[in-house]
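Chains, contacts and geometry: an overview
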Amino acid sequence: DYGTASAEFVLPRTGLTGYFSIAADREANCSFRVEEYKRPTFDVAFNPYLNAYRSGDTIQVEGIAKSFAGIPVSGATVKLKIQRRPHFFWARKSYANVYTFAPDTTITDAEGKFLARVPLFLPEAKKGESLYYNYVIQAVVTDMAGESHEAST
């Protein structure tokens, strides 16, 4: 009655991983990806930034990569992406006038820690533009075995 259809199928256990698609006769299709499940061996998190700051400051936000047993992930590559986004109280997200800082790469130390340096500066105020901004820091950590995990704050 509502124009929907459903079906179930089983992929062979010996099949390859990768992208697959299903097509129906009236040019309807759906694509999906099949991957081998691997239990993650570590996690990435940011420590909360608790110090006072103001426009013009450069703050250092600390992150850490640790195994689930609490062992630090040292020598891992960390790719950092930092964005300044306008904040409007009446809208959940706004991607207009987003400023992305030059990406940075660093390495975790012996304790699994890394620093994200964030320069806090405001653009010249223009009529009708936001006076409030959110800074978003995203870190993608890749260990020596090639496993990657990300966190953002």
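This text goes with the structure placed above it.
Notes on the structure in this doc start here. All of these numbers come straight from a predicted model, not from anything done at the bench. (Residues numbered from 1 in each chain as written. Predicted model: local features only at pLDDT ≥ 70, side-chain atom pairs only at ≥ 80, totals over all residues. Heavy atoms only, no water.)

Here the focus is the overall build of the chain. Summing up its helical and strand segments, the chain has zero helices and ten strands in all. When the elements of the chain are put in sequence order from the N terminus, they spell out β-β-β-β-β-β-β-β-β-β. Over its C-alpha trace the chain gives a radius of gyration of 22 Å, far above what one expects of a compact globule, namely 15 Å for 153 residues. Seen through its principal axes, the chain has C-alpha atoms that stretch 60 × 50 × 25 Å. (Helix = DSSP H or I, 4+ residues; strand = E, 2+ residues; numbered from the N terminus. Rg over C-alpha atoms; globule rule 2.2 N^0.38 Å.)

On to the nonpolar core, then. Among the nonpolar cores identified, the biggest contains 20 residues, and Val-44, Phe-46, Leu-80, Phe-114, Ile-137 and Val-141 are the most heavily contacted of them. Elements with a contribution of two residues or more to this core: strand 3 (42-46), strand 4 (58-67), strand 5 (77-86), strand 8 (113-119) and strand 9 (133-142). The residues touching Val-44, leaving out its near neighbours within four places in the chain, are Ile-64, Ala-65, Phe-114, Val-141, His-149, Glu-150 and Ala-151. (Core = buried A, V, L, I, M, F, W, Y, C linked by side-chain atoms within 4.5 Å. Buried < 20%, exposed > 50% of the residue type's maximum accessible area, 1.4 Å probe, protein only. Contact = heavy atoms within 4.5 Å.)

Scanning all chains against the criterion turns up eight aromatic pairs. Considering the side-chain rings of Phe-9 and Phe-32, the 6.2 Å spacing of their centres and the 45° angle between planes classify their relative orientation as tilted. You can see Phe-9 sitting in the segment before strand 1 (18-23) and its partner Phe-32 sitting in strand 2 (residues 29-34), a full 23 residues away along the chain. For Phe-32, a relative accessible area of 24% gives the class partly exposed. Here the aromatic residues Tyr-99, Phe-101, Phe-121 and Tyr-135 are joined through ring pairs into a cluster of three or more. Sitting above the plane of the Tyr-133 ring, Arg-84 keeps its charged end 5.3 Å from the centroid. (Phe/Tyr/Trp six-rings, centres within 6.5 Å; stacked < 30°, edge-to-face > 60°. Lys NZ or Arg CZ within 6 Å of the ring centre and 35° of its normal.)

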